[in-house]
Amino acid sequence: MRLKTEINVFASLPHMERGVAKVLGGDPKGNNFLYTNGKSVIIRNIENPAIADVYTEHPHQVIVAKYAPSGFYIASGDVSGKIRIWDTTQKEHLLKYEYQPFGGKIKDIAWTEDSKRVAVVGEGVCVCVCGAVFLWDSGSSVGEIVGHSKIINSVDIKQTRPYRLVTGSDDNCTTFLEGPPFKFKCTISDHSRFVNCVRFSPDGNRYASAGADGQIFLYEGKTGEKLGSLGGEKAHDGGIYAVSWSPDSTQLISASGDKTVKLWDVGSGTAVTTFNLGSDVLDQQLGCLWQKNHLLSVSLSGYINYLDRSNPDRPLRTIKGHTKSIQCLTVHKTDGRSSIYSASHDGHINILHGENEGFVRKGHSNLVSRMAVDESGRLVTCSMDDTVRYTDLSKREYSASDVVKMDMQPKCVSVGPGGLAVTVCIGQLVLLKDKKKLFTLDSLGYEPEAAAVHPGGGAVAVGGADGKVRLYSVQGNTLKDDGKVLEVQGPVTDMSYSPDGAFLAVTDEKKVITVFTVADGYTEKSEFYGHHAKVVCLSWSPDNEHFATGGMDMMVYVWTASDPDKRIKIPDAHRLHHVSGLAWLNPNTLVTTSHDACVKQWNLKN
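Residues numbered from 1 in each chain as written. Predicted model: local features only at pLDDT ≥ 70, side-chain atom pairs only at ≥ 80, totals over all residues. Heavy atoms only, no water.

1. Some remarks on the packing of aromatic side chains
In the structure shown here, the tally under the stated rule is 17 aromatic pairs. Considering the side-chain rings of Y73 and W136, the 4.9 Å spacing of their centres and the 50 degrees angle between planes classify their relative orientation as tilted. One end of the pair, Y73, is in strand β7 (residues 73-78); the other, W136, is in the loop between β12 (131-135) and β13 (152-157), with 63 residues separating them in the sequence. Owing to a relative accessible area of 15%, W136 belongs among the buried residues under this scheme. Connected via pairs of aromatic rings, a cluster forms that spans Y73, Y97, Y99, W111, F134 and W136. The cationic tip of R317 hangs over the ring face of Y306; the distance from NZ or CZ to the ring centre is 5.5 Å. (Phe/Tyr/Trp six-rings, centres within 6.5 Å; stacked < 30°, edge-to-face > 60°. Helix = DSSP H or I, 4+ residues; strand = E, 2+ residues; numbered from the N terminus. Buried < 20%, exposed > 50% of the residue type's maximum accessible area, 1.4 Å probe, protein only. Lys NZ or Arg CZ within 6 Å of the ring centre and 35° of its normal.)

2. Comments concerning the sheet that holds strand β15 (residues 174-178)
Taken together, four strands build an open sheet; the order of strands is β13-β14-β15-β16 and the sheet is antiparallel. Looking at strand neighbours, the two that pair on one side only are β13 and β16 (183-188), the edges of this open sheet. Taking the axes of each pair of neighbouring strands and ignoring which way they run, one obtains an average angle of 20 degrees across the sheet. (Pairing = 2+ DSSP bridges. Axes fitted to C-alpha atoms, helices over the stretch in contact; angles between N-to-C directions.)

3. Observations regarding the nonpolar core
L429, V469, Y472, M495 and L504 are the most contacted members of the largest nonpolar core, which has 31 residues in total. Of all the elements in the fold, those that place two or more residues in this core are β38 (420-425), β39 (428-433), β41 (448-453), β42 (459-464), β43 (468-475), β44 (478-487), β45 (492-497) and β46 (503-508). In this structure, L504 is in contact with A452, A461, V469, L486, M495, S496, Y497, T514, V515, F516, V518 and Y522, ignoring residues within four places of it in sequence. Core analysis: the second largest hydrophobic core is formed by 21 residues, A11, M16, F33 and L300 among them. (Core = buried A, V, L, I, M, F, W, Y, C linked by side-chain atoms within 4.5 Å. Contact = heavy atoms within 4.5 Å.)

So this is what it looks like as structure tokens:
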């Protein structure tokens, strides 16, 4: 078996915060859009967002990324104040330059139209240094951004000569600068609350400023003279977080906390269309982008909406997925088609079935630590909200009657035949059947970490923090300790029986995978070495011959059970993020998840 290629990246959604604008960037040709999540910059094809590329070279959380007008480079800024300028034409995205214009979070970036100068603004260590303008290839200053008394949220540069630069700040003001070198000309105090976004029209004749006061003001692009406002007294009922101009500079869209996006005719100052995106707090609109004929907005939930001008109450499509780190996953096949189920740090469970989907109603309220599908087609999940949930996959709907409350916080759940499930909680083991607790075993004398139910249903293996695996029997409605203890190298992190029940594989904190042969009473064992850090997850292939492991070393290994030296190594499976989950779609396709909130598929060939 060998690695053929990484065949699919199912990218994360943007990282969102309530009350904080999200900047979406677009490439100059109109083919891609980009945003940030964690330490990653995600580039997606606008026609087919399933085509995605992920840049993960920032050591800190990335806030904003913008294409250079040439399209050859992207500048991205992080919370530490670092700016990385990197190549877009090569798959490796080679770093061209790295600068630190100031210490503190970078919130927005703008380029001049010749791709030679870059302006950045954000939260400096002191309010006197919250922005900088410099040459892209040397870092030499080409002006000074001054005139604000608080952090600067937004910056833009006029894309026609003579250049002008405008900024918007938490001090309720915008500043207007002429250049280069850019020099302060005036401060404009029309807004009564924070200014969240400033944007020049593509033709440079006007610029718009939008604020938390629900107002959008228009100004002359060359002089900064006020031209008027959109929508009369107020453009939106809530704060406005973003605006984006049409390519012909005659219209713009605005995204607001009132859960709407509005399309404005700039000449008349009136709203042509109001897009209603929902009624839930997660439907607040925190970002928008006008790219070619596509109108995009991003909700507080992280969902990306493709707006439909002919049907403003229903988007053409909504891109769903994860915004937080993924903790676990499983795969289930129905009617010949496989679906990937992944669960994240915030309790959200995503269904990947061609496109990303979710379950209806409210599910887990906290991190989902483990999931599995039982033979009745129910997704069994355990969470840090102290519950185990059974969700019918045919209905894809959460129900209050499908929740089993645990006495202690669950860490792991494993399912067996006949509706059987074993949940590992802090200090106890719980045997469940058909959504009911049958038996609880506590005062164990060790701390259980993981469990695996034998496919035959009669045996349960439990791995402990003491580096031992204990075997139990299911007898009626109880669990009975068999008195058999298996030794592994360190505290157990995960374990699983092969689908045919012939092998038990155990991973531990000491970077070792131990495989026991079940038929001879677990006496024969093989040890597998290769990981450079703690191994955290494993999954058996449907062929019973191979299994995959993922670790905190960002490595994935595919092992051959009969030969510890025969293996496939997938280095940097999720670069700079450790692997959190593994599952097999089929004997030749492996799925991996990670704390980068992305799902990846790998094609393996014999």
